[in-house]
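# Structure at a glance
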Amino acid sequence: MEKDRLFIFDTTLRDGEQVPGCQLNTVEKIQVAKQLELLGVDVIEAGFPISSPGDFNSVVEISKAVTWPTICALTRAVEKDIDVAAESLKYARHKRIHTGIGTSDSHIKYKFNSTREDILERAVRAVKYAKRYVEDVEFYAEDAGRTDNEYLARVVEAVIKAGATVVNIPDTTGYDLPEEYGSKIRYLKEHVDGIDRAIISTHCHNDLGMATANTLEGVINGARQVEVTINGIGERAGNTSLEEIAMILKCHKHLGIDTNINTTKIYPVSRMVSSLMNMPVQPNKAIVGRNAFAHSSGIHQDGVLKNAQTYEIIDPKDVGIEDNAIVLTARSGRAALKYRLHVNGVDVDEQRLDKIYKAFLQLADKKKEVTDADVLMLAGADTAETHAVKLDFLQVTTGKGVKSVASIGLDISGQKFEECSSGNGPVDAAIKALKRIIRKQMTLKEFTIQAISKGSDDVGKVHMQVEYDGSVYYGFGANTDIVTASVEAYIDCINKFRTR
């Protein structure tokens, strides 16, 4: 049986990057884009060009950096948006403008204060305008999940006649049940004149935990493009996970639907995105979570040892997980470190490699083994040298039955400051000492600790949210000492609001 082709539209760099605290710079976005190309993604949504100069520049540079995937730029149904998107795509070999407007009665009434007829006219006008610049135009009907099917079909039919090559049917709020979303796609297939001239695309959010199920139902009912992100990142509860859709179709071959994804690249790309965005992957996350192929039950362990297929429907190697973690030690040279960075999708010049290597040797002296996850952490943490506020030293006394006391030294633009404080535990003491130097009214809103792997000498990653002057800033720190990592995360927040 000849398999149907499903196109993979990755929006990690647009919808995924809208997660608070996960913004990437242009260099980092190019790193991700190159790995998405190697992964086999068909379309890369590179950004929302009119939203900021940074987003515009990222679309321009990504267009130069990758070869065969289509580069897509998002717009509203506004001529100026479309003009700017077209300009940002000027270097793309294959270019697409993704324009659209809300179609649910809720959006029409409360967001646009408009009517169904006016929205339909604006949709058609936007597609025709985008068509002046590019042949490949995708139209999104925002909040299609809550849009009346009959009206949605009218809009879709009109934009296809106007020249849309792809029609995107987003479940923007993650509201639909799988059967409801699947039947919506089927309704469009059966009731839209000219639907065969366009590809139907899914774009599902995970607010109720149904993004993957809804996407799959959309595909089964005729959608042939899926809009997904690495690790399922995205606004609120996230988007449909690329790795889940790719592996579902790989495991369920009877569906007769194929993708261009090289699944052996999934795990390295997942780790790279997690590291660059400082966004932990939950241990029990399907496909790429730390525990996805771990077995603790005695019965499960016995079964897997006898035959892996008793409890594993996926060979870990199929998603790029090696049987044994690659380990570096203090005796490893620059070449080995550079190679491990390259394998994990991070290419560095010699100057940056030297900085990372120095940090690597310091870490290798503290740990018996330095894993790929540690290496990615080092690659993401080497920018701290340019910060105005740096940690000089930290000394903490703590223990059962004694009050925790911390002494801290900071370098602020070349000036040295020292303070000490007691607190309810070592982290509290250290941050109180830090705040005595900074003397700003800051409020810790969120504090999350993540171990990179499992050892007692492991590197701990700390993510923080600190509120200052009405704004929330996101910080990240990593160290084998969790108190130091916590202070570094707090300092990261301070550096961000100092440079605002």
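The structure displayed is predicted, hence computed values, not measured ones. (Residues numbered from 1 in each chain as written. Predicted model: local features only at pLDDT ≥ 70, side-chain atom pairs only at ≥ 80, totals over all residues. Heavy atoms only, no water.)

What follows concerns helix 12 (residues 334–343). Restricting attention to buried positions, one finds in helix 12 the residues L337, R340 and L341. Down the axis of helix 12, the buried set is contained in an arc of 100°. They therefore lie on one face. (Buried < 20%, exposed > 50% of the residue type's maximum accessible area, 1.4 Å probe, protein only. Helix = DSSP H or I, 4+ residues; strand = E, 2+ residues; numbered from the N terminus. Arc of directions from axis to C-beta.)

Attention shifts here to the sheet that holds strand 9 (residues 225–228). Read around the closed barrel, eight strands run 2-3-4-5-6-7-8-9, paired in parallel fashion. Neighbour to neighbour, the strand axes of the sheet diverge by 25° on average, direction disregarded. One ladder, built from six bridges, connects strand 7 (residues 166–171) with strand 8 (residues 199–204); its direction is parallel. Bridge assignment links I169 to a residue of strand 8, and that residue is T202. The strands touched by helix 8 (residues 211–220) within the sheet are strand 7, strand 8 and strand 9, with strand 8 carrying the most contacts at an inclination of about 170°. (Pairing = 2+ DSSP bridges. Axes fitted to C-alpha atoms, helices over the stretch in contact; angles between N-to-C directions. Contact = heavy atoms within 4.5 Å.)

Side chains that are nonpolar tend, in soluble globular proteins, to be buried together. If you look at the biggest cluster of nonpolar residues, it comprises 109 residues, and the most contacted ones within it are I71, F139, V156, I169, L337 and L341. Filtering out sequence-adjacent residues up to four positions away, L337 remains in contact with L328, L353, I356, Y357, F360 and V375. With 27 residues, the next largest nonpolar core counts V389, L434, A489 and F497 among its residues. (Core = buried A, V, L, I, M, F, W, Y, C linked by side-chain atoms within 4.5 Å.)

Turning next to the packing of helix 12 against helix 13 (residues 350–366). Orientation of helix 12 relative to helix 13, taken along the N-to-C sense of each, is 105°, at an axis distance of 10 Å. Here helix 12 lies roughly perpendicular to helix 13, going by the angle between them. Contacts between helix 12 and helix 13 involve R334, L337, K338 and L341 from the first element and E350, L353, D354, I356, Y357 and F360 from the second. Along the lines of polarity and charge, the residues of the contact of helix 12 with helix 13 split into six nonpolar, no polar and four charged. (Parallel < 35°, antiparallel > 145°, perpendicular 65-115°, else oblique. Nonpolar A, V, L, I, M, F, W, Y, C, P; charged D, E, K, R; others polar.)

Another aspect to go through is the pattern of salt bridges. Scanning the model with the defined rule gives 28 salt bridges in all. Between K131 and E135 there is a salt bridge, with its nearest N and O atoms 3.1 Å apart. Overall, the relative accessible area of 23% leaves K131 in the partly exposed class. By relative accessible area, E135 is classed as exposed at 59%. Between D411 and K416 there is a salt bridge, with the nearest N and O atoms lying 3.0 Å from each other. Look at D411 and you get buried, because its relative accessible area is 14%. One salt-bridge network, held together by shared partners, links R14, D15 and E45. (Salt bridge = Lys/Arg side-chain N within 4 Å of Asp/Glu carboxyl O.)

The next subject is the confidence of the model for the protein. Confidence along the protein averages 89 in pLDDT terms, with 91% of residues attaining 70 or more. Considering only residues more than four positions removed or in separate chains, one finds that residues 295–305, a stretch of pLDDT under 50, has 13 contacts. (pLDDT = per-residue confidence, 0-100.)

Now for helix 6 (residues 149–162). Because each turn of an α-helix spans 3.6 residues, side chains separated by three or four positions end up pointing in the same direction. Between its first and last C-alpha, helix 6 extends 20 Å over 14 residues, near the 20 Å set by a 1.5 Å rise per residue. Taken together, the buried positions of helix 6 are occupied by Y151, L152, A153, V155, V156, A158, V159, I160 and A162. Tucked inside the fold, the buried residues of helix 6 contact helix 4 (105–111), helix 5 (116–131), strand 6 (136–142), strand 7 and helix 7 (178–191). Looking one or two places after helix 6, you find G163, whose phi comes out positive at around 120°. (Expected span 1.5 Å × (residues − 1).)

The topology assignment puts H107 in helix 4. H107 has contacts with G102, F112, E142 and D143, leaving out every residue within four places of it along the chain.

All right, on to the sheet that holds strand 15 (residues 415–423) then. Strand order in this open sheet of three strands is 13-14-15, and the pairing throughout is antiparallel. Every other strand in the sheet has two partners, leaving strand 13 (389–397) and strand 15 as the edge strands with one partner each. The mean angle between the axes of side-by-side strands here comes to 15°, regardless of whether they run parallel or antiparallel. Pairing analysis gives eight bridges linking strand 13 to strand 14 (residues 404–412), with the strands arranged antiparallel. Directly across from T397, in strand 14, lies its bridge partner V405. Across the sheet, helix 15 (residues 426–438) lies against strand 13, strand 14 and strand 15, angled at about 140° from strand 15, the strand it touches most.

Structurally, the position occupied by R76 is in the loop between strand 4 (70–74) and helix 3 (79–88). What makes R76 partly exposed here is its relative accessible area of 44%. For the pair R76 and A126, spaced 50 residues apart in sequence, the C-alpha to C-alpha distance is 8.4 Å. Discounting chain neighbours no more than four positions away, the residues touching R76 are F48, I50, D81, I82, T99, G100 and Y140. Only 2.8 Å separates the side chain of R76 from the side chain of D81, close enough to count as a polar contact. (Polar contact = N/O pair within 3.5 Å; in protein donor to acceptor, adjacent residues only side chain to side chain.)

Here the focus is the packing of aromatic side chains. In this description, an aromatic ring pair is defined by two values, namely the gap between the centres and the angle between the planes. Tallied over the entire structure, the rule returns two aromatic pairs. With a centroid separation of 6.0 Å and 80° between ring planes, the pair formed by Y129 and Y133 is classed as edge-to-face. Here Y129 falls in the buried class, since its relative accessible area comes to 11%. With a relative accessible area of 42%, Y133 lands in the partly exposed category. Note that K64 overlies the ring of Y91, its terminal NZ or CZ placed 4.7 Å from the centroid. (Phe/Tyr/Trp six-rings, centres within 6.5 Å; stacked < 30°, edge-to-face > 60°. Lys NZ or Arg CZ within 6 Å of the ring centre and 35° of its normal.)

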